[in-house]
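So the chains spell out like this:
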Amino acid sequence: SRLTASQIQRHKASLPKNFSDYESIKHDFNPQIPEYFNFARDVMDKWAEKEKVGQRAATPALWWVNDRKQEIQWSFEELGFHSRKLANVLSGLCQLNMRDRLFLILPRIPEWWLVNIACLRTGTVLLPGTSQLTARDILHRLQTSGAKCIITDESIAPLVEDVASQCPSLQSKILVSNRNRDGWRNLGDLMNNVASDHECVETRSDDPMTIFFTSGTTGLPKMTQHNLTSCLVSTWRYWLDLTDQDVLWNTSDTGWAKSAWSSVYAPWIQGACVFIHHMPRFDSSTVLTTLSSYPISTFCTAPTAYRMGRVTETSFLFCVRYKFKSLQHCLCAGEPINPEVMKKWREATGLDIYEGYGQTETVLVAATFKGMKIKPGSFGKASPAYDVQVVDDDGAVLPRGEEGNLAIRVKPLKPFSLFTEYTGDPVKTEECYRGDFYLTGDRGVMDEDGYLWFVGRADDVILSAGYRIGPFEVENALIEHEAVAESAVVGSPDPIRGEVVKAFVVLTPEYRSHDKEQLVKDLKTHVKKMTSPYKYPRKVEFVEQLPKTISGKIRRVELRKREWGQI
Ligand code: ATP
Ligand code: MG
């Protein structure tokens, strides 16, 4: 009794969307933080009740597919049923008490979502990790977190076995697999033998919910703790613009905070359907085919994915090949998106890309919310949950137009959706605060209209002959040249200027065999034309690929270290 794509589409057409401009969003934002709150009981189970009495669209709550055309659709009721069983496994067989920690390493399979909800039911603190962790990473995370239980699959199990003897807190190892394995309990078997009724524990809003790991773009990933209040930050709905009719596909890996916010809390708070494609590897043609085969209304991915997308094909070819019948709203976050990439996407699809800026520590800090005017190159305005300012290194607010630290005001009241601490690292936690502000570690500018412009991570800003140069602006200029597929700009040592701008450039296929000396000249001239001439890259190096984090973010720090002979 599922809706077909065209039925969903017909249903959606008559829907009013949420908000039309920034002022109405700010006016609307009025979060209520109850003393006690449990997302599973107060959100998920409420939607299940609405489903029962026909007050929710008949879209699934979770819609999972893989590249072998297997498919699972679960309603809120079904998610409730399975996750209550899993909760009984956690609190019964695994003897996890409230606040105990559980390490979860699974790819994008439905069990990942069930564990998320089960942990909310039992008050277990969830630590999600990406499947690309090494045994050393796993050891470090198990030891620093003191996790009592790990749930993972067969690809990771041997790595856990290598290090488990060094992790005295680890009591239960649970495997998600069709097969059994010595020393592990099988999740499917366990769930077959427990009851499906479970009463949610009474969690306070300020109880710990999750410990995320940051992406590790600048150094070792940091363990970042959030309380349950963080998932109440409803600013998502102004950005994702979801209703219970929408089908949201967010592509992030399950190991990152973005997956929790955009593939669990934000869509389900709105009653929307979470769509998941279990792609073993990111593949742009699979993405495009999926967008044209399923009734996905809302698509959120990393800028790197939009860059990889075949939007460099002529718009005409692209439109002939792919028809996104249901797609209405596209979003990106995690890295700055180049205006040129937005332009190409719009030419090919007719849709704009709405950018969000956030951190593991903060959830969404600023965004171009649906209904707002898009200023390409700016990620938009402050989320209504935060007072975002540009401040100097002492925490003093700078005038509009001046570059400084992107910061969030934390006094007199600390915003409820900010992280509580870097687990086990009070010194690092303390270092984030300056005066009345939390410093994001990013540099930016606020313009006269309150739009924020990203300059670069504080460490990535280049100081050359007295000028401060943000890599993002130079990269934006470079990518407008048709020879450039992507680039990373860093400072490189120079005897006279201290440092100079150096661009590492990945060429588009058509330009790979071109004369390199001529290309270097062309690119320099091009950048001089597009930005202030002093920003042009005095050095250019062509590379096959750029160093990136597992989540696809460019690691400029690695290139910089190479330039300065530090690795
Ligand atoms: P680590 O803190 O471990 O070095 P990370 O900062 O990349 O890694 P995340 O918390 O996943 O870890 O990413 C947050 C950072 O990503 C932001 O501080 C910012 O530098 C960058 N970022 C996110 N969204 C945007 C955006 N729209 N524009 C520019 N930068 C962005
Ligand atoms: Mg960071």
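Residues numbered from 1 in each chain as written. Chains lettered and ligands numbered in written order. Predicted model: local features only at pLDDT ≥ 70, side-chain atom pairs only at ≥ 80, totals over all residues. Heavy atoms only, no water.

Comments concerning the packing of aromatic side chains
Here is step 1: This model, assessed by the stated rule, comprises 28 aromatic pairs.
Here is step 2: When the centroid spacing of 6.2 Å and the interplanar angle of 20° are considered together, the rings of W47 and F76 count as stacked. One end of the pair, W47, is in helix α3 (residues 39-52); the other, F76, is in helix α4 (residues 76-93), and 29 residues separate them in sequence.
Here is step 3: The class of F76 is buried, set by a relative accessible area of 1%.
Here is step 4: Cluster of aromatic residues (ring-pair linked, three or more members): W63, W249, F275, Y294, F299, Y306, F324 and W345. (Phe/Tyr/Trp six-rings, centres within 6.5 Å; stacked < 30°, edge-to-face > 60°. Helix = DSSP H or I, 4+ residues; strand = E, 2+ residues; numbered from the N terminus. Buried < 20%, exposed > 50% of the residue type's maximum accessible area, 1.4 Å probe, protein only.)

Considering the side chain of T368
Here is step 1: Mapped onto the elements of the fold, T368 is located in the loop between β15 (363-367) and β16 (378-382).
Here is step 2: Exposure remark for T368: the relative accessible area of 2% places this residue in the buried category.
Here is step 3: Once residues within four sequence positions are removed from consideration, T368 is found in contact with W239, Y354, E355, K373, I374, S378, F379 and G380. (Contact = heavy atoms within 4.5 Å.)

Some points on helix α16 (residues 471-479)
Here is step 1: With respect to burial, α16 is a largely interior element, 8 of its 9 residues being buried.
Here is step 2: For α16, the set of buried residues is P471, F472, V474, E475, N476, A477, L478 and I479.

Concerning the site of ligand 1
Here is step 1: By nearness alone, 21 residues border ligand 1, and S215, T217, T218, T360 and D442 come closest of all.
Here is step 2: Measuring from a nitrogen atom of ligand 1, one finds a backbone N or O atom of G356 at 2.8 Å.
Here is step 3: Relative to its free-state accessible area of 630 Å², ligand 1 is covered by the protein chains to the extent of 95%.
Here is step 4: Looking at the shell around ligand 1, the elements that each hand over two or more residues are β14 (353-359) and β22 (452-457).
Here is step 5: A per-element tally of the shell around ligand 1 places β14 first, with 5 residues. (Near = heavy atom within 4 Å. Polar contact = N/O pair within 3.5 Å; in protein donor to acceptor, adjacent residues only side chain to side chain. Areas by Shrake-Rupley, 256 points an atom, 1.4 Å probe, with all protein chains shown as cover.)

Observations regarding the nonpolar core
Here is step 1: Core analysis: the largest hydrophobic core is formed by 144 residues, its most contacted members being L102, I151, W239 and W268.
Here is step 2: Counting residues per element, this core draws most heavily on helix α5 (residues 110-122), at 8 residues.
Here is step 3: With 22 residues, the next largest nonpolar core counts L127, L139, A157 and A164 among its residues. (Core = buried A, V, L, I, M, F, W, Y, C linked by side-chain atoms within 4.5 Å.)

Thoughts on the environment of V274
Here is step 1: Counting through the fold element by element, V274 comes out in strand β11 (residues 273-278).
Here is step 2: Distance from V274 to H140, taken between C-alpha atoms, is 32 Å for residues 134 residues apart in sequence.
Here is step 3: For V274, the contacting residues outside a window of four places in its chain are A61, L62, W63, W113, L248, S263, P267 and W268.

Regarding the side chain of R443
Here is step 1: Tracing the backbone through its elements, the reader meets R443 in strand β21 (residues 437-446).
Here is step 2: Here N405 takes part through its side chain, which lies 3.1 Å from a polar atom of the side chain of R443.

Overview of the packing of α16 against helix α17 (residues 516-530)
Here is step 1: Packing of α16 against α17 leaves a shortest axis separation of 9 Å and a crossing angle of 115°. With respect to the hand of their crossing, α16 and α17 are arranged in right-handed fashion. Contact with α16, carried on its side by V474, A477 and L478, involves L523, H526, V527 and M530 of α17 and no other residues of that element.
Here is step 2: When its residues are assigned to classes, the contact of α16 with α17 shows 6 nonpolar, 1 polar and no charged. (Axes fitted to C-alpha atoms, helices over the stretch in contact; angles between N-to-C directions. Left-handed = near helix turned anticlockwise from the far one by under 90°. Nonpolar A, V, L, I, M, F, W, Y, C, P; charged D, E, K, R; others polar.)

No statement about biological role is implied by the geometric values presented.
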